[in-house]
Amino acid sequence: MTKGREYVTEVFKKVKEDNAHESEFLQAVKEVFETLVPVFDRYPKYIEENILERLVEPERVISFRVAWLDDQGKVQVNKGYRVQYSSAIGPYKGGIRFHPSVNQSIVKFLGFEQIFKNSLTGLPIGGGKGGSNFDPKGKSDNEVMRFVQAFMTELQKYIGPDIDVPAGDIGVGAREVGYMFGQYKKLNGYKNGVITGKGLTYGGSLVRKEATGYGAVYFAEQMLKANSKDIAGKIAIVSGSGNVAIYAAEKLQQLGAKVVAMSDSSGYIYDENGINLDTIKELKEKQRERISKYVEFHPHSVFTKAEEGRIWSIKTDLAFPCATQNELNEEDAKVLVENGLLAVSEGANMPSTLEAINVFHQAGVLFGPAKAANAGGVAVSALEMSQNSMRLAWTFEEVDAKLYDIMKNIYEESVKASKEFGQEGNLVLGSNIAGFLKVAEAMSTQGLV
Ligand code: NDP
């Protein structure tokens, strides 16, 4: 066993013991640790400085009560979290998720991944993440507002433009970000750099809404180009129908691919003519409806309930998992490969299980891991912070061009690291190492803090 392998095994054992019930967190840590072995073999000083054990322990985990009144005047209570994971290279930065499944394990896995992703963007932002087990589904606008105000009344104690800058994630879109910003402003005065994903009328950036989805497609484009292939003319599946999924589908269509299926937690729709995105936007962005309603507008399309079938059973060239963690498992991966899959680009965070990733790697499928492929969202968030600091607003074309360059650069850096560390083309390894090296060097230089 090499020194690097010994070190990684020993630290992982400890992490497992200390976080035994946090399965998502352990899954994310395991994936990263496995790929860092060659780094510790090459740079033993990071073993001496115990960088890994320091990095895997969040700088701070904040957990708080959120009490709010529903429309019946009844008191409701939810859990709120903010994990301030690493400030080695910049202020904590990462989204807020509102979903009933949110717990400490989920927030920690997301925060841990965010460190590497943010480092990969090349911008000075640290890693963080937050959320609540509040479910916005079925709540009135007033209930959402009261909940968010209660959530922010507590969260505002810990955030600030140079300290910790939240944004959206699952269940947190334009409406929720607006209420968060309003409450922060009421308590602290106008500081527009405190949250990103803001509306365009109060300091938001053009392309932020589109950034994660567009970025995942730009990343796929780079992978395909390097293999003399193109997005035009390809069949694609995009899971989810939220912010990331909608704009991944939009960019795919703009580049000439045919998106034949999308989903939500209730099931998926298949439209052999290609998904009509205007209908999806109307149903999802405006009406907050279920995706099954799509067939009422396009009767030739088919809706399959989640219990009755998997979106990944459809034959496709390109797969964009853009819904949630662990939505694509080993079985799904095998079916996709049998059906001739060319490439996967992960819009969601940790959507493929470790076993599914192995299937893709073994089959030679081009695989763009989340930390690299979905970094476009946070990259444009950082560009929003820059515009806020400079008190100016760039055009759509300017921001889009910067996003494109950032995604291209992330791809190139990941490929370069995969080559340097002996597994050319393994972008899981490449992106983890490229992201890690910058953070490790910053930690090493700053002393034991
Ligand atoms: P949204 O809330 O806008 O959309 C989420 C979509 O995923 C919805 O269609 C939702 O369906 C579906 N979904 C959520 N949970 C589940 C589940 N347990 N099973 C099946 N489907 C589910 O979120 P986003 O589009 O913002 O986020 C999607 C993913 O992308 C997440 O993993 C997020 O962390 C990641 N991401 C987001 C970024 C951003 O900029 N927004 C940046 C980087 C990553 P339903 O409505 O039925 O719940």
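What comes next is a walk through the structure. (Residues numbered from 1 in each chain as written. Predicted model: local features only at pLDDT ≥ 70, side-chain atom pairs only at ≥ 80, totals over all residues. Heavy atoms only, no water.)

1. Observations regarding the packing of aromatic side chains
A complete count under the given rule lists 22 aromatic pairs for this structure. Judged by centre distance (6.3 Å) and plane angle (85°), the ring pair of Tyr 46 and Phe 436 falls under edge-to-face. Here Tyr 46, found in helix 3 (residues 45-48), pairs with Phe 436, found in helix 17 (residues 427-445); they are 390 residues apart in sequence, far enough to count as distant. Both residues of the pair, Tyr 46 and Phe 436, count as buried. (Phe/Tyr/Trp six-rings, centres within 6.5 Å; stacked < 30°, edge-to-face > 60°. Helix = DSSP H or I, 4+ residues; strand = E, 2+ residues; numbered from the N terminus. Buried < 20%, exposed > 50% of the residue type's maximum accessible area, 1.4 Å probe, protein only.)

2. Regarding the pattern of salt bridges
By the definition in use, this model includes 24 salt bridges. Taking the shortest distance from any N to any O, the salt bridge between Glu 53 and Lys 14 comes out at 2.7 Å. With Glu 53 in helix 4 (residues 51-56) and Lys 14 in helix 1 (residues 3-18), this pair connects stretches of sequence that are 39 residues apart. Here Arg 290 and Asp 264 are joined by a salt bridge, their closest N and O atoms 3.5 Å apart. Of this pair, Arg 290 sits in the loop between helix 10 (277-286) and helix 11 (294-297) while Asp 264 sits in strand 7 (residues 258-264), and the two are 26 residues apart along the sequence. Look at Asp 264 and you get buried, because its relative accessible area is 14%. (Salt bridge = Lys/Arg side-chain N within 4 Å of Asp/Glu carboxyl O.)

3. Some points on the environment of Gly 347
For Gly 347, the position within the fold is in the loop between strand 11 (343-345) and helix 13 (354-363). Using a relative accessible area of 4% as the deciding quantity, one classes Gly 347 as buried. Sequence spacing of Gly 347 and Gly 376 is 29 residues, and the spatial spacing of their C-alpha atoms is 9.5 Å. The residues contacting Gly 347, other than those within four sequence positions of it, are Thr 212, Ala 216, Val 244, Pro 321, Cys 322 and Asn 374. (Contact = heavy atoms within 4.5 Å.)

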